[in-house]
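Secondary and tertiary structure notes
Below are the chains, spelled out letter by letter.
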Amino acid sequence: MIPQKVTDGIHSFRAIDWDRELFDELVPLPEGTTYNAYLIKGSEKTALIDTIYPPKTAEFIAAIKKSGVERIDYIVANHAEQDHSGSIPAILELFPEAKVVTNAKCKRFIMDTLPVDRDAFITVGDGHTLSLGNKTLQFLMTPWVHWPDTMCTYVPESRIAFTCDFLGAHLATTDLYADDEARVETAAKRYYAEIMMPYRAFSKEAVDKVGALALDFIAPSHGPVYARPPFILDLYRSWTSDAPKPFVVIPYVSMYESTAQMVAYLTDRLIERGIGVKPINVVDLDTGEFAMSLVEASTVVFASPTVLSGPHPGVAYAALLANVLGLKAKYAAVIGSFGWEGNLPEIVQSMLPKLGATFFEPVMVKGLPREAAFAELDRLADDIAAAHAAAPVAA
Ligand SMILES: Cc1cc2nc3c(=O)[nH]c(=O)nc-3n(C[C@H](O)[C@H](O)[C@H](O)COP(=O)(O)O)c2cc1C
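The structure displayed is predicted, hence computed values, not measured ones.

Notes on the domain arrangement of the protein chain
According to the domain assignment, the protein chain consists of domain 1 (3-227) and domain 2 (248-388). Summarising the inter-unit geometry, the C-alpha centres of domain 1 and domain 2 are found 39 Å apart. Between domain 1 and domain 2, the contact holds twelve residues from the first and 15 residues from the second. Across the domain 1/domain 2 interface, buried area totals approximately 1100 Å², and carbon plus sulfur atoms make up 63% of it. Summed over the three residues of domain 1 that lose the most area to domain 2, namely K189, R190 and M197, the buried surface amounts to 45% of that side. At the boundary of domain 1 with domain 2, the tally comes to two salt bridges. The residue E296 makes a salt bridge to K189 at a minimum N-O spacing of 3.3 Å. Scanning the region where domain 1 abuts domain 2 turns up four residue pairs in polar contact (both at pLDDT 80 or more). For the side of domain 1 that touches domain 2, the secondary structure elements donating two or more residues are β4 (27-28) and α5 (181-196). Considering every element that reaches the side of domain 1 that touches domain 2, the biggest residue donor is α5, with six residues.

Focus: the state of the cysteines
This structure, assessed with the given rule, holds zero disulfides. Between C106, a cysteine without a disulfide, and C164, which holds the nearest cysteine sulfur, the sulfur-to-sulfur distance is 8.4 Å. Sulfur of C152: no disulfide; nearest cysteine sulfur belongs to C164 and is 8.1 Å away. With relative accessibility at 2%, the residue C152 sits in the buried group.

Observations regarding the environment of H11
Assignment of secondary structure puts H11 in strand β2 (residues 10-17). On the accessibility criterion, H11 (30% relative accessible area) is partly exposed. Taking the C-alpha atoms as reference points, H11 and L48, 37 residues apart in sequence, are found 9.7 Å from one another. For H11, the residues in contact, after removing those within four places along its chain, are P3, Q4, K5, V6, A37, Y38 and L39.

A short note on the sheet that holds strand β14 (residues 217-220)
The strand order across the open sheet built from five strands is β10-β11-β12-β13-β14, with neighbouring strands paired in mixed fashion. Bordering the open sheet on either side are β10 (129-131) and β14, each of which pairs with just one other strand. Adjacent strand axes in the sheet meet at a mean angle of 20° when their direction is disregarded. Strand direction decides the pairing type here: strand β12 (residues 151-155) and strand β13 (residues 160-164), joined by three bridges, are antiparallel. Within the sheet, the bridge partner assigned to V155 lies in β13 and is I160.

Conventions and cut-offs
Residues numbered from 1 in each chain as written. Predicted model: local features only at pLDDT ≥ 70, side-chain atom pairs only at ≥ 80, totals over all residues. Heavy atoms only, no water. Domains from an automatic or database assignment. Contact = heavy atoms within 4.5 Å. Buried area = accessible area lost by both parts, 1.4 Å probe. Salt bridge = Lys/Arg side-chain N within 4 Å of Asp/Glu carboxyl O. Polar contact = N/O pair within 3.5 Å; in protein donor to acceptor, adjacent residues only side chain to side chain. Helix = DSSP H or I, 4+ residues; strand = E, 2+ residues; numbered from the N terminus. Disulfide = S-S within 2.5 Å. Buried < 20%, exposed > 50% of the residue type's maximum accessible area, 1.4 Å probe, protein only. Pairing = 2+ DSSP bridges. Axes fitted to C-alpha atoms, helices over the stretch in contact; angles between N-to-C directions.

In structure tokens, the structure reads:
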């Protein structure tokens, strides 16, 4: 780990995790990740913004020692999750005079999960400030991006906001800054979809709050630093907006090709009607790819054979995710094949109480699809096209 200068008096300490493949035992990391802490040297006091992931603590402590920092007065904890707070006990051991600066909720979570004493904390609220001499720490409460405790720290003199998980990206790279914007956009969108989208309304509020600051830099705790803040703020404004785009995602699986034939047919009919489609085979589902495809989708079509009186478990998992990911999709449908019972649509719909979408007439077929089923799929494609034409979906 090499400290890198972000701007005058501010250095990043980033552990680059090239090998990590799964986050929270749930989220695939095709490009690894970084855990970023930042050291701010003021004329009178020194502050550390967040710490890093416990397995990287030895590397972090060695880099801090090597950097020659003699004193840390404040450890700002923007969020209690252990990938950012996990090294606080080790830093306190090294600098026992340091105080952990955070909000009341984050303090509670840290005390619940880490050996940090109640007396070690300074509790702050929205708009509170702490002087480092020639630099000021200003705290902004941004709850639910993505836990109830999340906050950001702003240094007005340096025009930099430390946003912790918010606006971050899982991307292992030696680039300090997000210069490769196309690559960072994909990683940041995947990250948003998996982590922030379930709390879309809160992300929208936090974008307004951070976006109102005078900024030269946004420094998240995963991925590179944004030296062009409008890049990530504008992406978040688009992702968090209420208007979906006319795009259909079809999570599907098929054991004997009946459902697969229906998906292929519907995909072609939607293409003919000028509608973008993404069929996603849910066997070995990449949850990140699935979530990312849903960020702006207007319509989700669940396509499954009937298995043990319900959807195939792969489609059931996709429905579980679609139910909790905070989609802006306005329309949904269920299609599929069965052997002896055709009530799959009601079962799948009952698994999606939070989706808030209008369901089109389903298409269920006994065994292989034939002419009548294809005619029904034509009708579904027409329904989707008509709904897109009539409803407020962004072009
Ligand atoms: C393991 C298994 C379980 C099944 N369970 C049911 C069921 O509970 N109810 C039903 O109507 N059909 C059931 N079927 C029949 C399938 O739904 C039917 O064969 C369907 O056409 C398969 O669609 P596919 O070709 O897209 O896989 C089952 C089939 C398999 C292989």
